[in-house]
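# A structural walkthrough
Below are the chains, spelled out letter by letter.
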Amino acid sequence: MFAWRVELVRIGTVAPGILRSLAAELAPCLAREVTVAAVTIDPAPAFDPLRRQYRVDDLLLALLDPPPPAGVKRVGVTNLDIFLPVFTHVLGLAQHGGQVAVVSLHRLRPDEPDHPDPAGVLRRRLLREALHELGHTLGLVHCTVPWCAMRASRAAEEVDLKDAAFCRTCAGEVGLAADCPCAGRDTGDRELPRVEKEHEG
Ligand SMILES: [Zn+2]
Ligand SMILES: [Zn+2]
């Protein structure tokens, strides 16, 4: 397995603590180095005035300028509502087998006004979404194991059903050692079919 590491990049206004805590959780989970870039990407060119949302594929292109060094997976983190023309919204998007991905906090915040721990829920969901999109950059497709990070999700409640871990099949495909914290529990004898779907979520 080639060596790779993760660089988190802020897109637009995001509290620095969110990227710092994501880095602090991702690093031990993946057993990889995770850093936070000093730069912030201006999302303005990706704004669609008709939809009043931001085109996620344009944000991916912005993350490629300049291209990440070899071995770096660059993950943009944003508060913005992001979309692809065929979808009302997406939670994130990745360059499949590439080096860049975007995750959005916009739809990950709990709706309930009196939620006891909104920041904790947000952190938990963001970690799962980041793992999911990183999995795509490593070449993984969507997985049918219900708790696997590579399960597709278009709503925050679906993200809650997943572990902060890849199933053994997904973890094995991208060379994550079985003793790595994000290489989750065994799926037992359930050899579930894997499906290539649209890459939303
Ligand atoms: Zn899986
Ligand atoms: Zn996906």
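Note: the structure precedes this text.
A brief structural summary. The shown structure was predicted, so the numbers you read here are calculated from the model rather than taken from an experiment.

### Quick notes on the environment of Pro146
Tracing the backbone through its elements, the reader meets Pro146 in the loop between helix H3 (118-137) and helix H4 (156-159). Residue classification places Pro146 among the partly exposed residues on the basis of 13 C-beta atoms within 10 Å. As for Pro146 and Gln99, which are separated by 47 residues in sequence, their C-alpha atoms are 26 Å apart. When residues no more than four places from it in sequence are discounted, the contact partners of Pro146 are Arg151 and Leu161.

### Looking at the nonpolar core
One broad trend across soluble globular proteins is that nonpolar side chains are buried collectively. Core analysis: the biggest nonpolar cluster contains 52 residues, and Val56, Leu59, Val102, Ala130 and Phe166 have the highest contact counts within it. Of the residues forming this core, the biggest block, five residues, is contributed by H3. Apart from residues lying up to four places away in sequence, Leu59 is in contact with Ile11, Pro43, Ala46, Tyr54, Gly76, Ile82 and Val102.

### Quick notes on the environment of Pro118
The residue Pro118 is located in helix H3 in this model. Pro118 sits in the partly exposed class, given 14 other C-beta atoms within 10 Å. Sequence spacing of Pro118 and Ala37 is 81 residues, and the spatial spacing of their C-alpha atoms is 25 Å. In this structure Pro118 touches Arg109 and Pro110, once residues within four positions along its chain are discounted.

### Comments concerning the sheet that holds strand E1 (residues 5-11)
What the five strands build is an open sheet, ordered E2-E1-E5-E8-E7; its pairing is mixed. Sheet topology places strand E2 (34-41) and strand E7 (92-94) at the edges, where each strand pairs with a single neighbour. Taking each pair of neighbouring strands and ignoring which way they run, the sheet shows an average axis angle of 20°. Bridge count for E7 against strand E8 (residues 100-104) is three bridges, and the pairing is antiparallel. Paired with Gly92 across the strands is Val103, a residue of E8. Those strands touched by helix H1 (residues 16-30) are E1, E2 and strand E5 (72-78), and its axis lies near 150° from that of E2. Sheet strands touched by helix H2 (residues 56-63): E1, E2, E5, E7 and E8. Its angle to E8, the strand with the most contacts, is close to 130°.

### Thoughts on the pairing of E1
It is a general feature of regular strands that their side chains alternate between the two faces of the sheet. Counting buried residues in E1 gives six out of seven residues, a clear majority hidden from the surface. Bridge count for E1 against E5 is seven bridges, and the pairing is parallel. The residue of E5 that forms the bridge with Glu7 is Arg74. Pairing geometry for E1 and E2, over five bridges, is parallel. Directly across from Ile11, in E2, lies its bridge partner Ile41. Crossover E1 to E2 through H1 is right-handed.

### Regarding the packing of H1 against H3
Where H1 meets H3, the axes come as close as 10 Å, and the angle between the chain directions of the two elements is 60°. As far as their axial angle goes, H3 and H1 are oblique. Considering only the axes of H1 and H3, their crossing is right-handed. Note on element contacts: H3 touches H1 through Arg123, Leu126, Leu127 and Ala130, opposite Ser21, Leu22, Glu25 and Leu26. Partitioning the contact of H1 with H3 into residue classes produces five nonpolar, one polar and two charged.

### Quick look at unusual backbone geometry
A cis amide bond, omega 0°, links Asp65 with the succeeding residue Pro66. By the secondary structure assignment, Pro66 is in the loop between H2 and E5. With a phi close to 55°, Ala31 is a non-glycine residue in the positive phi region. The residue Arg52 is not glycine, and still its phi comes out positive at about 55°. Mapped onto the fold, Arg52 is located in the loop between strand E3 (47-48) and strand E4 (53-55).

Here is what the cut-offs are and how they apply
Residues numbered from 1 in each chain as written. Chains lettered and ligands numbered in written order. Predicted model: local features only at pLDDT ≥ 70, side-chain atom pairs only at ≥ 80, totals over all residues. Helix = DSSP H or I, 4+ residues; strand = E, 2+ residues; numbered from the N terminus. Buried ≥ 20, exposed ≤ 12 C-beta atoms within 10 Å, placed from the backbone. Contact = placed C-beta atoms within 7 Å. Core = buried A, V, L, I, M, F, W, Y, C linked by C-beta atoms within 7 Å. Pairing = 2+ DSSP bridges. Axes fitted to C-alpha atoms, helices over the stretch in contact; angles between N-to-C directions. Right-handed = clockwise from strand over helix to strand, strands pointing away. Parallel < 35°, antiparallel > 145°, perpendicular 65-115°, else oblique. Left-handed = near helix turned anticlockwise from the far one by under 90°. Nonpolar A, V, L, I, M, F, W, Y, C, P; charged D, E, K, R; others polar.

Fair warning: the whole summary comes from geometry, so function is off the table for now.
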